[in-house]
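# Structural description and commentary
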Amino acid sequence: MDGVEHLDELMVCRLSQDTGSVEPCTIVIFGASGDLTARKLIPALYHLHGQKLLPDPVRVIGVARREKTDESWRAELLEALQRFSRNQSVDAAQWDTFAANVHYCRGDIDDPKVYRGLSERLAGFGDERLRRNLLFYLAVSPSQFAPVTEQLHQAQLLRRDEEAPFWQRLVVEKPFGHDLASAQALNHELIRFAHEQQVFRIDHYLGKETVQNILMFRFSNAIFEQLWTRQSIDHVQITVSEELGVGQRGGYYEEAGALRDMVQNHLLQVLALIAMEPPVSLEAESIRDEKVKLLKSIRPFTPAGIARQVVRGQYFAGQHQGQALAGYRQEERVKPDSDVETFAALKLSIDNWRWSGVPFYLRTGKRLPLSASEVRVQFRPTPHVLFAAQCGSALDANALTLRLQPQEGISLRFNGKVPGTSTAVRPVRMHFSYDTEFGAYTPEAYERLLLEAMEGDATLFIRRDEVETAWGIVDAIRAGWSDAPLTNREFYAAGTWGPVAADDLLTQDGRSWRNPTPIA
Ligand code: BG6
């Protein structure tokens, strides 16, 4: 057994370097006092530092309005790191070497003085690469994306005409607009001050190991890729379920809802990776071209189609594992008669050669029984002879499940004989678990994304046409809902798998949802 494992290790094919390809640079975080900075960005940078993946030298500057010194900001960040760093304790010596390069710049981001202060800080860094290689991370409210970009441009910190080898890039958090028109307007604004190649739009799902693995799985395995067509596949289900409710984010969620918050970005991205054609190369643009092509081949929704193909839902008070859970309308900063959807389910048709006639069912919701993201590829049943003739629908069709989180892995479900003298058949499962196979530390999405942005590799970021195409799909659905109030079939008790209307969506096609289960 040992020998086999050793052999597998020898067969690793490395497509990229782990270290050394990132030029020294300064990362400037706007929104330094925010939750994202403390929970995700600084822990990710600290872990990259621990793995020696950050460039040397490197600087981090946080910009925010509150009065702080370098020292007080570092102390706050350390405290947050100790609270949020996942499965790794904080090494004091490592923190000290990291924190020595972390600085704070106070000011109102609407005020040009901040940008002058920033320039002065940068000028104080001797190394020219720290002054001219700049990654601006916009962890601020979306209405500030364009004004901050303009100010950076005016202060000559962000240049469209920068000469190689120097670079400046913008990393833009979601939500990128709230509909097609606002996303187009935002793109238009950003592109006035930066080239498209300088804009890195984040969808943190693309930083997840298992989401990246979709491409490897599909295009490095002949056995699966050959089955990846309408001839073999009956339908595909993509589920992103969340156990938590909206928590403190009621104010934001009232403006967003599940469709904008999850479907427009995470679910459509996963769909694009699952269904796209093989790209001509592994270059960012080739992969992004194929994703856009796929999104464009989704059959447009007609007003009549929306009623049959899209379901929304909202949780009311319920209970889960003996705990009483409030309904959405009782959450903080939510209107008591709100019709905002906390659940959405869609049936999509993809009008291309490969997928014609294969429905893709997508669903996501808050306050469901379990947090799990998975893609289930359901194969066609066997012909109605032999075992199928005798068992009918009791004979389970084969399925392949890609579990994106948690307990990341891939399962193949097929039928096997129940041992014994009687003749009986039942589904069995072959399971690959990341944890068992690799055991190692899986980096957080933001580690990978920050590193790629510093390297200038845009593969895991969303291109302008991608974000706009996705908004087009979501806008058509929203227009179809046209502010109609929710019906009884669209409410679901917190802690259950969504509204009855979502079950109807599949029942009308003679199918049913397969709910994720905890994997033993
Ligand atoms: C965010 C949404 O983009 O993704 C949240 O705004 C959601 O509402 C989160 O909870 C889910 O991300 P993850 O990584 O926990 O699956």
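Quick notes on the rules
- Every chain is numbered on its own, with residues counted from 1 as its sequence reads.
- Reporting in this predicted model follows two pLDDT cut-offs: at least 70 for local features of residues, and 80 or more for side-chain atom pairs to be given and counted; totals over whole chains, interfaces and linings ignore these cut-offs and use all residues.
- Side-chain metrics in this entry use all non-hydrogen atoms of the structure; hydrogen atoms and water are not considered.
- Only DSSP runs of H or I covering at least 4 residues are called helices, and only runs of E covering at least 2 are called strands; the numbering of each starts at the N terminus.
- Here the globule rule is a power law, 2.2 Å times the number of residues to the power 0.38, and the radius of gyration is based on C-alpha atoms.
- Burial here depends on accessible area, computed with a 1.4 Å probe over protein chains only, as a share of the maximum for the residue type. Under 20% is buried, over 50% is exposed, and the range in between is partly exposed.
- A pairing counts as a salt bridge when a side-chain nitrogen of Lys or Arg comes within 4 Å of a carboxyl oxygen of Asp or Glu.
- A patch is a set of surface residues, each over 30% in relative accessible area and not in a salt bridge, joined within 9 Å for like charges and within 5 Å for the nonpolar side chains Val, Leu, Ile, Met, Phe, Trp and Tyr.
- Using a 1.4 Å probe, the Shrake-Rupley method yields the accessible areas, and only the shown protein chains count as cover for residues.
- Each residue after the first adds 1.5 Å to the expected span of a helix.
- Arc definition: directions from the helix axis to the C-beta atoms.
- In this description, contact between two residues means that some pair of their heavy atoms is separated by no more than 4.5 Å.
- As used in this record, nonpolar core signifies buried Ala, Val, Leu, Ile, Met, Phe, Trp, Tyr and Cys residues forming a set joined through side-chain atoms within 4.5 Å.
- Whether a residue is near a molecule or strand depends on its heavy atoms: it is near if one of them lies within 4 Å of it.
- Polar contact is defined as a pair of N or O atoms within 3.5 Å, subject to the rule that within protein one atom must be able to donate a hydrogen and the other to accept it, and that residues adjacent in sequence are counted only when both atoms are side-chain atoms.
- Pairs of strands are assigned from DSSP output, requiring at least two bridges between the strands.
- To define axes, lines are fitted to C-alpha atoms, for helices over the stretch in contact only, and angles between the resulting N-to-C directions are given on a 0 to 180 degree scale.
- Any angle that falls under 35 degrees is termed roughly parallel, while one over 145 is termed roughly antiparallel, one within 65 to 115 roughly perpendicular, and all others oblique.
- By the definition used in this description, the sense in which the near helix is turned from the far one sets the handedness, with an anticlockwise turn below a right angle giving left-handed and a clockwise turn giving right-handed.
- When residues are grouped by polarity, Ala, Val, Leu, Ile, Met, Phe, Trp, Tyr, Cys and Pro land in nonpolar, Asp, Glu, Lys and Arg in charged, and all others, Gly among them, in polar.

### Looking at the overall build of the chain
Check the secondary structure of the chain and you find 18 helices and 17 strands. For a compact globule of 520 residues, the expected C-alpha radius of gyration is about 24 Å, and the chain comes in at 24 Å, within 12% of that figure. In terms of overall dimensions, the chain has C-alpha extents of about 80 × 65 × 50 Å along its principal axes. Here the chain holds 520 residues, and 52% of them are scored as buried.

### Observations regarding the pattern of salt bridges
Two side chains that carry opposite charge are able to pair once their charged atoms sit near each other. The final tally for this structure, using the stated rule, is 37 salt bridges. Arg 129 is the salt-bridge partner of Asp 127, the closest N and O atoms lying 2.8 Å from each other. The exposure class assigned to Arg 129 is partly exposed, which follows from its relative accessible area of 32%. In this structure, Arg 132 engages Glu 128 in a salt bridge whose closest nitrogen and oxygen atoms are separated by 2.9 Å.

### Brief notes about a nonpolar patch on the surface
A surface patch of nonpolar side chains, amounting to about 400 Å² of accessible area, comprises Val 385, Leu 386, Phe 387 and Val 425. Following the sequence through the fold, Leu 386 ends up in helix 14 (residues 386–391).

### Details of helix 3 (residues 70–84)
Given a rise of 1.5 Å per residue, 15 residues ought to cover 21 Å, and the 21 Å separating the end C-alpha atoms of helix 3 matches this to within 8%. Residues of helix 3 that are buried include every one of Asp 70, Trp 73, Arg 74, Leu 77, Ala 80 and Leu 81, and no others. Along helix 3, the residues classed as buried sweep out an arc of 125 degrees about the axis, all on the same side. Among the exposed residues of helix 3, those pointing more than 90 degrees away from its buried face are Glu 71, Gln 82 and Arg 83. Those residues of helix 3 that are buried lie in contact with helix 2 (35–50), strand 2 (58–64), helix 4 (92–99), strand 3 (102–106) and helix 5 (112–123).

### Section: the nonpolar core
Among the nonpolar cores identified, the biggest contains 150 residues, and Phe 30, Leu 45, Leu 152, Leu 268, Leu 271, Phe 360 and Met 454 are the most heavily contacted of them. Per-element accounting of this core gives the leading share, 13 residues, to helix 11 (residues 250–275). With residues near it in sequence (within four places) discarded, Leu 271 still touches Ile 238, Leu 294, Ile 298, Leu 348, Ile 350, Phe 360 and Leu 362.

### Side note on the site of the ligand
In the vicinity of the ligand, the contacting residues are Lys 174, His 204, Tyr 205, Lys 208, Glu 242, Arg 249, Asp 261, Met 262, His 266, Lys 366 and Gln 405. Here His 204 contributes a side-chain N or O atom positioned 2.8 Å from an oxygen atom of the ligand. At 2.8 Å from an oxygen atom of the ligand is found a side-chain nitrogen or oxygen belonging to Lys 366. Protein coverage of the free-state accessible area of the ligand, which is 400 Å², stands at 76%.

### Details of the sheet that holds strand 17 (residues 491–493)
Judged by pairing direction, the sheet is mixed, and its 9 strands sit side by side in the order 16-15-14-13-7-12-11-8-17 without closing on themselves. A single partner strand is all that each edge strand has here, and the edge strands are strand 16 (425–433) and strand 17. Each adjacent strand pair in this sheet contributes to an overall mean axis angle of 20 degrees, direction not counted. Examined bridge by bridge, strand 14 (residues 399–405) and strand 15 (residues 409–417) share 5 bridges and lie antiparallel to one another. Residue Leu 400 lies in a different strand from strand 15, and its bridge partner there is Leu 412.

### Structural notes on the packing of helix 2 against helix 16 (residues 445–455)
Where helix 2 meets helix 16, the axes come as close as 8 Å, and the angle between the chain directions of the two elements is 70 degrees. Taken together, the axes of helix 2 and helix 16 are roughly perpendicular relative to one another. In this structure, helix 2 crosses over helix 16, and the sense of that crossing is right-handed. Here Leu 36, Lys 40, Leu 41, Ala 44, Leu 45, His 47 and Leu 48 of helix 2 come into contact with helix 16, specifically with Tyr 446, Glu 447, Leu 450, Leu 451 and Met 454. When grouped by side-chain class, the residues that make up the contact of helix 2 with helix 16 number 9 nonpolar, 1 polar and 2 charged.

### Some details on the packing of helix 9 (residues 209–219) against helix 11
Between helix 9 and helix 11, the shortest axis-to-axis distance is 9 Å and the interhelical angle comes to 10 degrees. Judged on the interaxial angle alone, helix 11 and helix 9 are roughly parallel. On helix 11, the residues that touch Val 211, Ile 214, Leu 215 and Arg 218 of helix 9 are Val 270, Leu 273, Ile 274 and Ala 275. Across the contact of helix 9 with helix 11, the residue classes tally to 7 nonpolar, no polar and 1 charged.

### A few points about the pairing of strand 7 (residues 233–241)
Within strand 7, 9 of the 9 residues are buried, which leaves the element mostly enclosed by the surrounding structure. Sheet topology note: the strand 7/strand 13 (residues 372–379) ladder contains 8 bridges and is antiparallel. Bridge assignment links Ser 241 to a residue of strand 13, and that residue is Ala 372. Examined bridge by bridge, strand 7 and strand 12 (residues 359–365) share 6 bridges and lie parallel to one another. Across the sheet, Ile 238 pairs through a bridge with Leu 362, a residue of strand 12.

Fair warning: the whole summary comes from geometry, so function is off the table for now.
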